[in-house]
Amino acid sequence: MTQYLNFEKPLAEIEGKAEELRAMARQNEEMDVEQEAKALDKKASDLLVELYKSLTPWRKCQVARHPERPHCQDYISALFTEFTPLAGDRNFAEDDAVMGGLARFNDQPVMVIGHEKGNDTKSRIERNFGMARPEGYRKAIRLMEMADKFGLPIITLVDTPGAYPGKGAEERGQSEAIARSTEKCLQVRVPLISVVIGEGGSGGAVAFATANRVAMLEHSVYSVISPEGCASILWKDAEKMREAAEALRLTAQDLAQLGVNDRIIREPMGGAHRDRDAAIKSVGAAISEMLAELAKLSGDKLVQQRRKKFLDLGSKGLAA
Amino acid sequence: MNWITNYVRPRINSIFSRREVPENLWTKCDECGTMLFHRELAENLNVCTHCDHHMGITPRARFEALFDGGIFVDVKVPAPIADPLHFKDQKKYPDRMKAAQKKTGEKEAMLVAEGEIGRTPVICAAQDFSFMGGSMGMYVGNAIIAAAQRAVDLKRPLILFSAAGGARMQEGILSLMQMPRTTVAIQMLKEANLPYIVVLTHPTTGGVTASYAMLGDVQIAEPNALICFAGPRVIEQTIREKLPEGFQRAEYLLDHGMLDRVTSRTKMREELIGIVRMLMGLPPAITGELPKPDDMPAIEKPKNTPSK
């Protein structure tokens, strides 16, 4: 059972009708509804193409946050072998909003780190909806250091609404942890690849995505602030999130023009959640291409390339 | 008598009231409400002489008090492209910029200068909260990179005074990208083994705190400055409980191990001179009355600047 987004309601109706017809036919063998159902299927798939042909930025945010969208955990279990989670920041706690550990990608040992939002009420609470506390970033720093020491490429999967705005998180230095994580990303002498698989929420995303190569899924978003937050500050009305999403230019397509992401990974028609396996496969292909691009670069070159990439940002704006 | 009360007195009064009284001669302290005479307040660096409350201060006023003899030279900051996203909320971004420039008389939200403090050559950068909340956009990023580059070129320490609500939303993702960009700048300083001192002033929040403002070798804050990643209102909405008194204030952060020191603005100069000279391996600063510097400031002529 697919969960439909608000703007997909007309689609839900058509697909529901087709489903109903077929259910009726199953109970009554004399009925032949296949032709009618097929016509509905066709109508539904046409509508899906129509809807997804030009998603507005706000709709993209909704797709990026779709609860059935593949999450970090799904990518790790499908694309990596021998995943060995490593826990804890060695200072205070383990943070389940950040997954990380050793794994093999196409048999090559790597370090994989990512935000995990969880997929049901229980796991979402455990994972704190993918909002990391300082410990999550400090764990990531520790794992990046380990990868650097042993020459393992680092792959980060970004999917977070942002760093957790909590009392304890602030007391334990949320901002310092993020700053150090970004700093560590810029220091490591191994290839660092980042894929924004869902939401790239502000500083919490930068802390992982300061990479040699940044890829974004077609319907993922990456922004300095959530459209709701921006609307409530600049429009003084959180309901103006559509306008804010438009103004912030947070889609993978706009960001590619600005040079923030190096590539856009195509999603199956109707978003990654409609064909999870295909989406995961495309991400896998993109990761192996990006790893190959960086394989020949020395440690110095990798650090230089990363620095230059970020220093050069902002030299081009968007076309009017 | 009527002639006096009805004619003479009003005339006398009107002559006196017509005399121009300059506005803003007195400033009311935001904290204790004491009326403070403007000259006295400025001399005390906008710190209330009654309750020691630290009010906002512009980068220029701060530098005039900080550098020897009030002499400093602006470091040139490369101008970024204007309004890269063609951002429009209820106002257009270029209009907001113009309004801020008119209000402050400054080009942007950060001022970078070189000069000497206690005869110690330094580079200083200060963020201007009165300019669009001191927000970090591409210009501020460029300013920090220029400051770090200048410090590396001249082998001087960098002292940065932060004050910002966070990233500049009107530049969208490009403002967020100033987090890694400024971090690269700080790394250049560290690789050159040059001291980087951060003075956090009220308020320093959001992406600014989560990048260059937290990466100092020494972290000093002004008393009672709000320093945080997520603001108190956001946290209260998230956890639905009242926050303790003084939460996210400088003294609270000091207690939680996030700062080295909390220092009053009036004592800051002396302290910075001491720290910088020790980190640079220089002899103790000479205290007491120094002879006035010569006409020309004792600093190198900036490279690539055409002579006027």
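Computed from a predicted model, the values in this text were never measured in an experiment.

Asker: Before we go on, may I ask you to explain the packing of helix 10 (residues 227-235) of chain A against helix 11 (residues 241-248) of chain A in this structure?
Answerer: Each pair of packed helices can be described by the angle between their axes along with the distance between the axes. Residues and elements named next belong to chain A. Their axes nearest at 8 Å, the elements helix 10 and helix 11 cross at an angle of 100 degrees. Classified by the angle between their axes, helix 10 and helix 11 sit roughly perpendicular to one another. On the side of helix 10, the interface is formed by Pro227, Glu228, Cys230, Ala231 and Trp235, while helix 11 contributes Met241, Glu243, Ala244, Ala245, Ala247 and Leu248. The class makeup of the residues in the contact of helix 10 with helix 11 is 9 nonpolar, no polar and 2 charged.

Asker: Explain the confidence of the model for chain B here, please?
Answerer: Mean pLDDT over chain B works out to 90, with 90% of the residues at or above the 70 mark. Prediction confidence for the complex, expressed as pTM and ipTM, is 0.88 and 0.92 respectively.

Asker: Explain the packing of helix 6 (residues 134-150) of chain A against helix 9 (residues 202-209) of chain A to me, please; I cannot follow it from the model alone.
Answerer: Residue and element names in this part refer to chain A. Between helix 6 and helix 9, the least distance of the axes is 11 Å, while the angle of their chain directions is 10 degrees. In terms of their interaxial angle, helix 6 and helix 9 are classed as roughly parallel. Between helix 6 and helix 9, the residues in contact are Tyr137, Ala140 and Met144 and Gly204, Ala207 and Phe208, respectively. Its residues assigned to classes, the contact of helix 6 with helix 9 shows 5 nonpolar, 1 polar and no charged.

Asker: Looking at this structure, I do not really get the pattern of salt bridges. What am I missing?
Answerer: Counting across every chain of the model gives 40 salt bridges over all chains. As a salt-bridge pair, aspartate 262 of chain A and lysine 309 of chain A come within 3.0 Å of each other at their nearest N and O atoms. Pair noted here: aspartate 262 of chain A is in the loop between helix 12 (252-258) and strand 8 (263-265) and lysine 309 of chain A is in helix 14 (residues 299-311), with a separation of 47 residues, a long-range link. With a shortest N-O distance of 2.9 Å, arginine 265 of chain B and glutamate 222 of chain B are connected by a salt bridge. Residue arginine 265 of chain B is located in helix 10 (residues 265-279), and its partner glutamate 222 of chain B is located in the loop between strand 8 (218-221) and strand 9 (227-228); the two are separated by 43 residues in the primary sequence. Residue glutamate 222 of chain B is classed as buried on the basis of its relative accessible area, which comes to 2%.

Asker: I keep staring at the pairing of strand 5 (residues 120-127) of chain B and nothing clicks. Help me out?
Answerer: Remark: a regular strand shows side chains that alternate across the two faces of the sheet. Residues and elements named next belong to chain B. In terms of burial, strand 5 is largely enclosed, as 7 of its 8 residues are buried. Here strand 4 (residues 110-117) runs beside strand 5; their pairing, made up of 8 bridges, is antiparallel. Counted as the bridge partner of isoleucine 117 is threonine 120 from strand 5. In the sheet, strand 5 pairs with strand 6 (residues 158-164) via 4 bridges, with the strands oriented parallel. Across the sheet, residue alanine 125 finds its bridge partner in strand 6, namely leucine 160.

Asker: Would you mind going over the pairing of strand 4 (residues 154-160) of chain A with me for this structure?
Answerer: Residues and elements named next belong to chain A. Among the 7 residues that make up strand 4, 7 are buried, leaving the element largely enclosed by the rest of the structure. With burial as the criterion, each face of strand 4 is covered, one bearing Ile154, Thr156, Val158 and Thr160 and the other bearing Ile155, Leu157 and Asp159. With 6 bridges joining them, strand 4 and strand 5 (residues 192-201) adopt parallel strand pairing. Across the sheet, residue isoleucine 155 finds its bridge partner in strand 5, namely isoleucine 193.

Asker: Quick question: what am I supposed to make of the packing of aromatic side chains here?
Answerer: The description of two aromatic rings rests on the distance between their centres and on the angle between their planes. The full count for this structure, using the stated rule, is 8 aromatic pairs over all chains. Feature note: the residues Phe63, Phe67 and Phe72 of chain B constitute an aromatic cluster, connected by ring pairs. Its guanidinium or amino end placed over the ring of phenylalanine 310 of chain A, lysine 309 of chain A lies 5.6 Å from that ring's centre, counting from NZ or CZ.

Asker: Can you help me understand a nonpolar patch on the surface in this one?
Answerer: All names here are of chain B. Taken together, the side chains of Trp3, Ile4 and Tyr7 define a hydrophobic patch exposed on the protein surface, amounting to about 360 Å² of accessible area. Position of isoleucine 4 among the secondary structure elements: in helix 1 (residues 2-18). In this structure isoleucine 4 comes out as partly exposed when scored by relative accessible area, which is 38%.

Asker: Looking at this structure, how should I read the interface of chain B and chain A?
Answerer: When the parts come together, some accessible area is lost, and that loss is often what is quoted as the size of the interface. Taken together, the contacts link 48 residues of chain B with 48 residues of chain A. In total, chain B and chain A occlude about 4,100 Å² of area from one another, counting both sides; carbon and sulfur atoms represent 71% of this. When the buried area of chain B at its contact with chain A is split by residue, Met169, Ile173 and Phe229 of chain B rank highest and sum to 16% of it. In this structure, the connection of chain B to chain A is made through 2 salt bridges. Its salt-bridge partner being arginine 307 of chain A, residue glutamate 191 of chain B comes within 2.5 Å of it at the nearest N-O pair. Put simply, chain B and chain A have 12 residue pairs in polar contact (both at pLDDT 80 or more) between them. In terms of residue count, helix 7 (residues 178-191) of chain B provides more of the side of chain B that touches chain A than any other element does, 9 residues in total.

The rules behind each value
- Residues numbered from 1 in each chain as written.
- Chains lettered and ligands numbered in written order.
- Predicted model: local features only at pLDDT ≥ 70, side-chain atom pairs only at ≥ 80, totals over all residues.
- Heavy atoms only, no water.
- Axes fitted to C-alpha atoms, helices over the stretch in contact; angles between N-to-C directions.
- Helix = DSSP H or I, 4+ residues; strand = E, 2+ residues; numbered from the N terminus.
- Parallel < 35°, antiparallel > 145°, perpendicular 65-115°, else oblique.
- Contact = heavy atoms within 4.5 Å.
- Nonpolar A, V, L, I, M, F, W, Y, C, P; charged D, E, K, R; others polar.
- pLDDT = per-residue confidence, 0-100.
- Salt bridge = Lys/Arg side-chain N within 4 Å of Asp/Glu carboxyl O.
- Buried < 20%, exposed > 50% of the residue type's maximum accessible area, 1.4 Å probe, protein only.
- Pairing = 2+ DSSP bridges.
- Phe/Tyr/Trp six-rings, centres within 6.5 Å; stacked < 30°, edge-to-face > 60°.
- Lys NZ or Arg CZ within 6 Å of the ring centre and 35° of its normal.
- Patch = residues over 30% accessible without salt bridge, like charges linked within 9 Å, V, L, I, M, F, W, Y side chains within 5 Å.
- Areas by Shrake-Rupley, 256 points an atom, 1.4 Å probe, with all protein chains shown as cover.
- Buried area = accessible area lost by both parts, 1.4 Å probe.
- Polar contact = N/O pair within 3.5 Å; in protein donor to acceptor, adjacent residues only side chain to side chain.

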